[in-house]
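This is what each chain is made of:
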Amino acid sequence: MFGARFLAGLAIVCAIGSASAKGLYEKDSLVEKLNELNFKTFIKKQDSMNHVKLIEFYKDDCANCKSFEKEYNDLAKQFKGIIKVTAVDCNSQKKICDEYSVKEFPTLKVIPPGGFGVQDYAGERTAKAIYPWVLKFHQHFVEKVTSEDLDAFLNKNAGKYKALLFTDKGKTPLIWRGLSVDLHNKMTLGVVQKEEKGVCSRYKVTKFPTILVVKPGQKKPIKFEEKVEYQELFEFLNRYQETFAMEQPGADEELAAKKPWLSESVPELTKLSAEDICYGTENVCVIVAATPTAEGKLDKGVYDEIAAAKSKFNPGNGKYQFMWLNTDREKAFVSATGLEAATTTILALRTGKRTRFAKSEAAFSEKALSEFLQRLPVGDVQYKPLKDGPPALEEIAAPEEKKK
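Each value, and the rule that gives it
Residues numbered from 1 in each chain as written. Predicted model: local features only at pLDDT ≥ 70, side-chain atom pairs only at ≥ 80, totals over all residues. Heavy atoms only, no water. Helix = DSSP H or I, 4+ residues; strand = E, 2+ residues; numbered from the N terminus. Buried < 20%, exposed > 50% of the residue type's maximum accessible area, 1.4 Å probe, protein only. Contact = heavy atoms within 4.5 Å. Expected span 1.5 Å × (residues − 1). Polar contact = N/O pair within 3.5 Å; in protein donor to acceptor, adjacent residues only side chain to side chain. Axes fitted to C-alpha atoms, helices over the stretch in contact; angles between N-to-C directions. Parallel < 35°, antiparallel > 145°, perpendicular 65-115°, else oblique. Left-handed = near helix turned anticlockwise from the far one by under 90°. Nonpolar A, V, L, I, M, F, W, Y, C, P; charged D, E, K, R; others polar. Salt bridge = Lys/Arg side-chain N within 4 Å of Asp/Glu carboxyl O. Disulfide = S-S within 2.5 Å. Pairing = 2+ DSSP bridges. Phe/Tyr/Trp six-rings, centres within 6.5 Å; stacked < 30°, edge-to-face > 60°. Lys NZ or Arg CZ within 6 Å of the ring centre and 35° of its normal.

**Structural notes on the overall build of the protein**
Of the regular secondary structure elements, the protein holds 15 helices and 15 strands. When burial is assessed residue by residue, the protein has 46% of its 404 residues classed as buried. Sequence-distant contacts, at least 24 apart, represent 72% of the contacts inside the protein between residues at least 6 apart.

**Digging into helix α12 (residues 300-313)**
Helix length check: α12, at 14 residues, gives a terminal C-alpha distance of 20 Å against a target of 20 Å (1.5 Å per residue), a fit within 8%. Looking at the buried residues of α12, the elements they touch are α7 (174-182), α9 (230-238), β11 (284-290), β12 (320-326) and α14 (366-375). The backbone nitrogen of G301 has a side-chain oxygen 3.0 Å away, supplied by the residue at the start of α12, namely D299.

**Details of the packing of helix α3 (residues 63-78) against helix α5 (residues 127-135)**
As a packed pair, α3 and α5 sit with axes 9 Å apart at the nearest point and diverge in direction by 40°. Comparing their axes, α5 and α3 come out oblique. Where α3 crosses over α5, the handedness of that crossing is right-handed. Contact residues: α3 offers F68, E71, D74, L75 and Q78, while α5 offers A127, I130 and Y131. Taken together, the residues that form the contact of α3 with α5 break down as five nonpolar, one polar and two charged.

**Brief notes about the pattern of salt bridges**
The tally for this structure, following the rule as stated, stands at 17 salt bridges. For the salt bridge of E99 with K40, the shortest nitrogen-to-oxygen distance reads 2.7 Å. Taken as a pair, E99 in helix α4 (residues 94-99) and K40 in helix α2 (residues 39-44) lie far apart in primary sequence, 59 residues in all. Three or more residues joined by partner-sharing salt bridges are found here, namely D182, K300 and D304.

**Observations regarding the state of the cysteines**
Per the stated rule, a full pass over the model turns up two disulfides. Between C90 and C97 runs a disulfide, and the two sulfur atoms are separated by 2.0 Å. On the S-S bond that ties C90 to C97, the torsion sits near -90°, and the link is left-handed. Considered together, C90 and C97 belong to a single accessibility category, that of buried residues. A sulfur-sulfur separation of 2.4 Å characterises the disulfide bridge that pairs C278 with C285. On the S-S bond that ties C278 to C285, the torsion sits near -135°, and the link is left-handed. The pair formed by C278 and C285 is uniform in burial state, with each residue classed as buried. The connectivity of the disulfide bonds within the protein can be written as 1-2, 3-4, using the sequence rank of each bonded cysteine.

**Considering the pairing of β12**
Moving residue by residue along a regular strand, the side chains alternate between the two faces of the sheet. Taking burial as the measure, the seven residues of β12 include seven buried ones, the bulk of the element. Of the two faces of β12, both are covered, the one formed by Y320, F322, W324 and N326 as well as the one formed by Q321, M323 and L325. In this sheet, β12 lies alongside β11 in parallel orientation, the contact comprising seven bridges. In the strand pairing of β12, V286 is matched with F322.

**Concerning the packing of aromatic side chains**
On inspection of all chains with the given rule, the structure shows 14 aromatic pairs. The interplanar angle of 80° and the centroid separation of 5.2 Å between the aromatic rings of W133 and F137 together place this pair among those described as edge-to-face. Residue classification places W133 among the buried positions, given a relative accessible area of 14%. The interplanar angle of 65° and the centroid separation of 5.7 Å between the aromatic rings of F236 and Y240 together place this pair among those described as edge-to-face. Looking at F236, the relative accessible area reads 7%, which means it is buried. One aromatic cluster is present, built from ring pairs that chain together Y25, Y58, F68 and Y72. In this structure, K215 is placed above the aromatic ring of Y161, and the distance from its NZ or CZ to the ring centre is 4.6 Å.

**Looking at the packing of α7 against α9**
The contact between α7 and α9 brings their axes to 11 Å, and the two run at 45°. Here α7 is positioned oblique relative to α9, judged by the angle of their axes. Remark: the crossing between α7 and α9 carries right-handed chirality. Side by side, α7 and α9 meet where I175, W176, G178, L179 and D182 of the first sit next to Y230, L233, F234 and L237 of the second. Taken together, the residues of the contact of α7 with α9 break down into seven nonpolar, one polar and one charged.

Rendered as C-alpha cells:
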C-alpha cells in the first residue's frame, strides 16, 4: 500500500516538475525560436533582407522573461507576416548571446533591413511601448497613385500585374506596407486615397477598402473578395506576381478564377488540382506534406522555402512540379505513402506508367529540400511502388462553390 502511494505521489511531483520546466514560446506561439543552426541563415537570408528582425534574448528560468512572454506573444500576433519576431534562449544558445554581448534578460534587439547593424531597445517591456519603436525601422515600397500618375504606374513594366489598395484611411495600412516588402521586385503595390475621384471612378470603386489586381489592356480588374488577412492577401497577390503569374500560359484571368492552382507558386495537392499538375503529367511532382495552419493554409515559412527552391531548381518550365499536401485532410495519401501526419515531410511522386514515390528522411528545412532535389536527377533516392496507382484524394468544393 505504502509503495503504491509513494509511486502515485512521485508521479504527481514529476508531472508538476515537467509542467514547470516547460520552455517559453512553445506550441501555438508565433515567435520563431533561433539556434546556432539557423541563426546566421535567418539574419542573412536573401529573401528576408528587406525585413526588420526583432530578437528577444531570454532565459527559461528568468522570472522577468516569463512575465514578458505574453507581451511578446502579443507583439508576434500584431506583426504576423510583417516583422520577423524571434527569440534566443541563452541557456541553450550561450554562444549567440555572448556574440551579441547580452548580459541582462530579457534583452531586445532589432536588426534593420539589410542585415547590418544592431539597435538595442531600452524602453518599457510592454507590447504597447515596443510596437512603435520597432516600426521606426520598417521600410516599405508602396507607391502613392493619383489621377495624374495612374497611367505611368500601370505602364511601368507594362506586361506585369500591379495591385491597388483603395482606402479611406489617411495612412497606408501596415498590412499593405508589409506585403510590399514581401513582394518587392516581384509585384508593384500602389495605394489610392478615397479623395482620388478620377481613379476611383475609373475602376468603379465605391466601397473601402477595395483591393484590385490590374494591368494595361485588361478587360476587367481582378478583385480580392476574401477576408483581409495577411496570408490570404499574400497568396492572392502571389498568383499574379511577375515570377509566377504566367508560368501556365493557359491561366488567363477567367481560368485563374476557376482553377487558381494553375497560377499559384506552391498549389495544394487536392482532388481538384491533382490531374492538372501532378497526377496527369510525366514530370516529377515534389510534394511537401505538412499540417496546415489554423486557417487551413501552408505555413508561410515553409511556403517561402519551397518557393525559393522552385526558383533555384526549376527556372522557367522545368521538370519538377511543386505542391503541398494537407496531412490533416488527405488521410488516404498519408496512409499509402507511410507519412507521419504530424511531421513536415518532403517526397517525390512519379505517376507515369508506374506510380512510385521517394521520401526524404531528413527533417524539413531549406537545406534538406535542396539536398533532396540535388539527389533526384542522379537517381540517389529510393523509389517505392504504389501498386494501386496515385493515392486517392478527398472530395472538396470547387472555388466557385466556396464563395456562395
